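# Coordinate analysis (summary)
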Amino acid sequence: MRTPRPRQSEWLLECLLALGVAAAYLAAAKLGLALAVHAPQVSAVWPPTGVALAAVLRRPRAGVAGVLLGAFAANATTPGEPLAVALGIAIGNTLEAVVGAALLRRAGFQLGLARVHDVLALLVAAAASPVVSATIGVASLGAGGVQPVSELPLLWRVWWLGDALGDLVVAPLLLLGGGAAARSWNRRSAAEAATLAAGLAAASAVFRSSTPAAVTEYAVFPLLIWGALRFGPAGAAAATAAIYAAAVWGTVSGLGPFAGAAEPGLVPLQLFMAAAAATGLLLAAAAAQQSAAQDSAERSERRLLVALQAASMGVWEWTIATGEVRWSEGLEPVHGLSAGGFAGTLEAFLALVHAEDRARVERAIREAVATGSPYRAEFRSVAPDGSVRWIAAHGRLQPGGRGSPARMLGVGLDVTEAKRLEEQLLRQAERLADADRRKDEFLAMLAHELRNPLAPILHATELLGPHASPELVAAAREMIRRQTEHLRRIVDDLLEVARATRGAIGLECRRTTLA
């Protein structure tokens, strides 16, 4: 079966996206090449790598085409670079993005960077995929005679470092671009974000200082940590990008702690920013994971409370040493108390138990503590308004230090309705048993009544022999007639009883003498 072609609108959209990626890559590449120090084709600041990785992750087909086109255009327009070398470098840049995206997908990467696993996967991809681009790139420069072979090892290190930092700084910023918009903003969070931005602007002044020895680049770390913990991965990515931009600007201007570094191509700054980016993203992911786990626990607790309330149940915890008893929100209504009406002690609980059941409940508690067996009890609870409820309690001991029981956890369930139904069933069973007994008595009486007319009939038939006199035959027939009539009346009475049981009594209208 032939695969249908994509619709023309989809093809047009892919082309437009590819052109957009190419334009973004070209602009970022020209910015990076403008900062090249050691060679015009190699820069330690290379943001296009992050653009390429984000594009291939989000839209693979358009991303690959756009990266290839943008990388070729960026290198083809570089002075002194042959088209064959430009094509080789463009292929290396494209394969770098494809390899990085493949590594991330294989690791189960999620674009939100809200898990430590995702950040670690990004760090691995940022370290591994630039090997492809740096190797193919410097090989193309050497083969094309653009750079001497003796310079290639140094260029490879600068190339790899610039691409790796592009993955760490630029890719998260593009992948998380909607994270800040998706956040529910209010005045307080907006004010906090504005304060953080002002703090970042003030702290980034260390990179524009004319006396580098008097300042330290680590002044930005508290603000980076603030953005990561309070605003999540998006905050960490934005803070890292802001610090990176200020640091590059200051260093290129010959200011700040990295001015005049011995290594060419802003290499010391790149190492510092790699540590800063990894720190911010890892802290943000850890905070996001903890927040997600807490939200999940709170949702589970809310669902449990709703289920307990719907089932007229509640959870309790008794600390044995102090006698303190804590009830869940739904347990007070089970005992007929208002919210906050429980005093929170074992004595207060026992005071709610019906006086006739209290000793049995205390005995069950003592046995559970002494033997370590589960606590089970059904008792009546008397509410302050005098109403009585039946409660079923189940609990288990939780061991403390040295194996001794420290507390007991359990549930309380309102079984008043179940007890009412149980009593109704018992009464119904008693009524059925009484009806069965009466039925047996009736059948015994019926057998006796039927036997009475049968005996005379049997005797009368014995008298009707061949030698019986006419007077004896007449008397026997009269006896048989009377007893048969008596049997008919008994059978009619039984039929009337059966019709009355079915509710089908028939009325027979006939004339009668009033006298």
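In case you missed it, the structure is sitting above this.
Just so we're clear, the structure is a prediction, and the values are computed from it rather than from any experiment. (Residues numbered from 1 in each chain as written. Predicted model: local features only at pLDDT ≥ 70, side-chain atom pairs only at ≥ 80, totals over all residues. Heavy atoms only, no water.)

## Focus on the overall build of the chain
Along the chain, the regular secondary structure elements total 15 helices and five strands. For a compact globule of 515 residues, the expected C-alpha radius of gyration is about 24 Å, and the chain comes in at 47 Å, more than 25% above that figure. Oriented by its inertia axes, the alpha-carbon framework of the chain measures out at about 155 × 75 × 50 Å. A total of 515 residues make up the chain; the buried ones form 38% of that total. Across the chain, every contact between residues at least 6 apart in sequence was considered, and the portion connecting residues at least 24 apart equals 63%. (Helix = DSSP H or I, 4+ residues; strand = E, 2+ residues; numbered from the N terminus. Rg over C-alpha atoms; globule rule 2.2 N^0.38 Å. Buried < 20%, exposed > 50% of the residue type's maximum accessible area, 1.4 Å probe, protein only. Contact = heavy atoms within 4.5 Å.)

## A few points about the nonpolar core
As a rule of thumb, nonpolar side chains are buried together in soluble globular proteins. In terms of nonpolar packing, the biggest core is built from 76 residues, with Leu104, Phe109, Leu122, Phe207, Phe272 and Met273 touching the most fellow members. Examining the composition of this core, we find that 12 residues originate from one element, helix H9 (residues 221-252), more than from any other. With residues near it in sequence (within four places) discarded, Leu122 still touches Leu53, Leu104, Phe109, Leu113, Asp167, Leu168, Pro172 and Leu281. Ranked by size, the runner-up nonpolar core spans 25 residues in total, among them Phe349, Leu352, Ile365 and Ala377. (Core = buried A, V, L, I, M, F, W, Y, C linked by side-chain atoms within 4.5 Å.)

## Some words on a nonpolar patch on the surface
Together, Trp11, Leu12, Leu16, Leu19 and Leu69 give the surface a local cluster of nonpolar side chains, amounting to about 550 Å² of exposed area. We classify Trp11 as exposed; its relative accessible area is 55%. (Patch = residues over 30% accessible without salt bridge, like charges linked within 9 Å, V, L, I, M, F, W, Y side chains within 5 Å. Areas by Shrake-Rupley, 256 points an atom, 1.4 Å probe, with all protein chains shown as cover. Salt bridge = Lys/Arg side-chain N within 4 Å of Asp/Glu carboxyl O.)

## Section: unusual backbone geometry
Where the residue is not glycine, phi is negative for most of them; where a peptide bond is considered, it is trans in most cases. We note that Leu113 has phi near 50°; this positive angle belongs to a residue other than glycine. Its place among the elements puts Leu113 in the loop between helix H4 (83-106) and helix H5 (116-143). Classification of Leu113 as buried rests on a relative accessible area of 1%.

## Structural notes on the pattern of salt bridges
Throughout the structure, instances matching the rule amount to 17 salt bridges. Of the charged contacts in the structure, one is a salt bridge between Asp357 and Arg380, with a shortest N-O distance of 2.9 Å. With Asp357 in helix H13 (residues 355-371) and Arg380 in strand E3 (residues 375-382), this residue pair connects regions lying 23 residues apart in the sequence. Owing to a relative accessible area of 19%, Arg380 belongs among the buried residues under this scheme. Each of Glu317, Glu324, Arg326 and Arg407 takes part in salt bridges that share partners, so that together they form one network.

## Considerations on the packing of helix H1 (residues 8-34) against helix H3 (residues 60-76)
Packed helices, taken two at a time, are described by their axes: the angle between them and the distance between them. At a minimum axis separation of 7 Å, H1 and H3 run at an interaxial angle of 40°. Comparing their axes, H3 and H1 come out oblique. Judged by the sense of rotation from one axis to the other, the crossing of H1 with H3 is right-handed. Between H1 and H3, the contacting residues are Glu14, Leu17, Ala18, Leu19, Val21, Ala22, Tyr25, Leu26, Ala29, Lys30 and Leu33 on the first element and Arg61, Ala62, Gly63, Ala65, Gly66, Val67, Leu69, Gly70, Ala71, Ala73 and Ala74 on the second. (Axes fitted to C-alpha atoms, helices over the stretch in contact; angles between N-to-C directions. Parallel < 35°, antiparallel > 145°, perpendicular 65-115°, else oblique. Left-handed = near helix turned anticlockwise from the far one by under 90°.)

## Examining the pairing of E3
Alignment of E3 against strand E4 (residues 388-399), held across eight bridges, turns out to be antiparallel. Counted as the bridge partner of Tyr375 is Gly395 from E4. In this antiparallel pair of consecutive strands, E3 and E4, the connection spans five residues, and Gly386 shows a positive phi of 90°. (Pairing = 2+ DSSP bridges.)

## Focus: H3
The α-helix advances 3.6 residues per turn, and as a result positions three or four apart in sequence lie on the same side. In a regular helix each residue adds 1.5 Å, so 17 residues correspond to 24 Å; H3 covers 24 Å between its end C-alpha atoms and thus fits that length. Those residues of H3 that sit buried are Ala62, Gly63, Gly66, Val67, Gly70, Ala71, Ala74 and Asn75. Buried positions in H3, seen along its axis, are confined to an arc of 165° and lie on one side of it. As for H3, its buried residues are in contact with H1, helix H2 (48-58) and H4. (Expected span 1.5 Å × (residues − 1). Arc of directions from axis to C-beta.)

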